[in-house]
Amino acid sequence: MFNFEITEEQIQAFNEDGFVVVDRIISDENVALLRERLDVLFSGEYETGIGPDEVNWKKERDPIENTRQICNGWKSDRYVASVVLRQDIGKACAVLGGWPGTRISQDNILWKPPGGKPLGFHQDSAYEQWTAIPEWASCWIALDDTTAEGGTVEYVRGSHRWGESGMIEEFHAPSNPVKELAEAASNAGVEKPERVPVVVKAGGGAFHQGWTWHGSDINHTQRPRRSVVAHCMSSENQFHDDRVSSIYSRYKRFGDNGMDESFFPVTWRVDGYRSSFIQSYVERKIGWGQ
Ligand SMILES: O=C(O)CCC(=O)C(=O)O
């Protein structure tokens, strides 16, 4: 079984650039499995009986040329969970984030069809303000071979040091995907932001820091560009005292900032701990909440 290990060189590149591109994160078998599961999820079929936290594209509801997105497919599909809750991904994110362990904050399932529209350039951590420590380290995995013209994800080198901007105006299919990026670059005194497209074979991808600007352009090819992202946070993270997310703060209990592992599982911790339900869940021995 393929086991990803982050190297010292990759850690250095991540710290320096705000991201690091890697040739291989998951096996070809995992790629094939996820491609199948994307078909199932985007057809609206949820294997566990639980809907994802966000379904940002539905057949017949949304324009065919929009990039399809589901958040927290792992709650709906145990095959997806078997990849995004992997220990090796959790460990790599903890090492990159400088944390004692990793909790998954959310996964993203993305499918950009031929001709598919952009996703606006943004900073992930701007969307994480409902937590006490709004810092993410994310693992972006290609499920198709990617090309610069194929609407792959692009990272802006060094932009994790530009400071914090807010959420962007238009995330899905924006008319100008770099509107806020251009403003942030100008505020940082950067004349020409360096956009680095992630060009890898399926199964490869990248890790990025929560404040790194990134997004993706139109898919000018005849092939789909599919990917899965594990957005990770520190195992120590808690809910913010008063800042609320309309979706994710639903999992907060009154008078308690602690995060429930059923919804934000610990995928790896330095002392060997991992949320106990994960193993049986990803092996499909238990269903949701059992
Ligand atoms: O894949 C993309 O186009 C964008 C992905 C993204 O926004 C993310 O990984 O945070």
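Residues numbered from 1 in each chain as written. Predicted model: local features only at pLDDT ≥ 70, side-chain atom pairs only at ≥ 80, totals over all residues.

Novice: Can you help me understand the overall build of the chain in this one?
Specialist: The helix and strand inventory of the chain stands at six helices and 12 strands. Whereas a compact globule of 290 residues would reach a radius of gyration of roughly 19 Å, the chain reaches 18 Å, a difference of no more than 12%. The C-alpha extent of the chain, read off along each of the three principal axes, is 50 × 40 × 35 Å. For the chain, buried positions account for 49% of its 290 residues. Across the chain, contacts joining residues at least 24 apart in sequence account for 84% of those joining residues at least 6 apart. (Helix = DSSP H or I, 4+ residues; strand = E, 2+ residues; numbered from the N terminus. Rg over C-alpha atoms; globule rule 2.2 N^0.38 Å. Buried ≥ 20, exposed ≤ 12 C-beta atoms within 10 Å, placed from the backbone. Contact = placed C-beta atoms within 7 Å.)

Novice: Just checking my understanding: could you explain the sheet that holds strand E8 (residues 195-197) for this structure?
Specialist: Strand pairing in a sheet is mediated by backbone hydrogen bonds. Such pairs are either parallel or antiparallel. Pairing is antiparallel across the open sheet formed by four strands, whose spatial order is E5-E10-E7-E8. Two strands bound the open sheet, and with one partner strand each, they are strand E5 (119-122) and E8. Averaged over all adjacent pairs, the angle separating strand axes in this sheet is 25°, with direction ignored. Here strand E7 (residues 153-156) runs beside E8; their pairing, made up of three bridges, is antiparallel. Bridged to Glu154 within E8 is Pro197. (Pairing = 2+ DSSP bridges. Axes fitted to C-alpha atoms, helices over the stretch in contact; angles between N-to-C directions.)

Novice: Before we go on, may I ask you to explain the environment of Phe4 in this structure?
Specialist: Position of Phe4 relative to the elements: it lies in the segment before helix H1 (8-17). Taking the C-alpha atoms as reference points, Phe4 and Arg24, 20 residues apart in sequence, are found 7.8 Å from one another.

Novice: How should helix H4 (residues 87-97) be read in this particular structure?
Specialist: Because the α-helix completes a turn every 3.6 residues, residues three or four places apart line up on one side. Most of H4 sits inside the fold, with eight of its 11 residues counted as buried. Restricting attention to buried positions, one finds in H4 the residues Ile89, Gly90, Lys91, Ala92, Cys93, Ala94, Leu96 and Gly97. On its buried face, H4 sits against H1, strand E4 (101-112), strand E6 (137-142), strand E9 (205-209), strand E11 (225-234) and strand E12 (266-269). Of the residues trailing H4, Gly98 is marked for its positive phi of about 75°.

Novice: What's the story with the nonpolar core in this structure? I'm lost.
Specialist: One recurring pattern in soluble globular proteins is that nonpolar side chains are buried together. Among the nonpolar cores identified, the biggest contains 64 residues, and Val84, Cys93, Cys139, Ile141, Ala206, Phe207 and Val228 are the most heavily contacted of them. Beyond its immediate stretch of four places on either side in the chain, Phe207 contacts Phe14, Phe19, Val20, Ala92, Leu96, Ala137, Ser138 and Cys139. (Core = buried A, V, L, I, M, F, W, Y, C linked by C-beta atoms within 7 Å.)

Novice: So what exactly am I meant to see when it comes to the pairing of strand E1 (residues 19-22) here?
Specialist: Sheet faces and side chains relate simply in a regular strand, where the side chains alternate between the two faces. The side-chain alternation of E1 yields two buried faces, one formed by Phe19 and Val21 and the other by Val20 and Val22. Pairing geometry for E1 and E9, over four bridges, is antiparallel. When the bridges of E9 are listed, Val22 appears paired with Gly205.

Novice: Looking at this structure, how should I read the site of the ligand?
Specialist: The environment of the ligand is made up of Asn108, Leu110, Leu119, Asp124, Ser138, Trp140, Val153, His214, Ser216, Ser227 and Val229. If you list the elements that add at least two residues to the shell around the ligand, you get E4, E6, strand E10 (214-216) and E11. For the shell around the ligand, the class distribution of residues is five nonpolar, five polar and one charged. (Near = placed C-beta within 6 Å. Nonpolar A, V, L, I, M, F, W, Y, C, P; charged D, E, K, R; others polar.)

Novice: What should I look at first to understand the environment of Pro177 in this one?
Specialist: Residue position: Pro177 is located in the loop between E7 and helix H5 (179-187). In this structure, Pro177 is in contact with Pro118, Gly120, Phe121, Gly215 and Asp217, ignoring residues within four places of it in sequence.

Novice: Any chance you could explain unusual backbone geometry here in plain terms?
Specialist: As a rule of thumb, non-glycine residues mostly have phi less than zero, and peptide bonds are mostly trans rather than cis. Phi is positive for Ala173, which is not a glycine, with a value near 50°. One can find Ala173 in the loop between E7 and H5. Residue Ala173 is classed as partly exposed on the basis of its C-beta count, with 17 C-beta atoms lying within 10 Å. One non-glycine residue with positive phi stands out, namely Arg284, at about 60°. By the secondary structure assignment, Arg284 is in the segment after helix H6 (277-282).

Novice: Help me out: how do you make sense of H5 in this one?
Specialist: Regarding H5, the residues found buried are Glu180, Leu181, Ala184 and Ala185. Seen end-on, H5 carries its buried residues on one side only, within an arc spanning 140°. Facing away from the buried side of H5, by more than 90 degrees, are the exposed residues Glu183, Ser186 and Asn187. Looking one or two residues past H5, Gly189 carries a phi angle of roughly 75°, positive in sign. (Arc of directions from axis to C-beta.)

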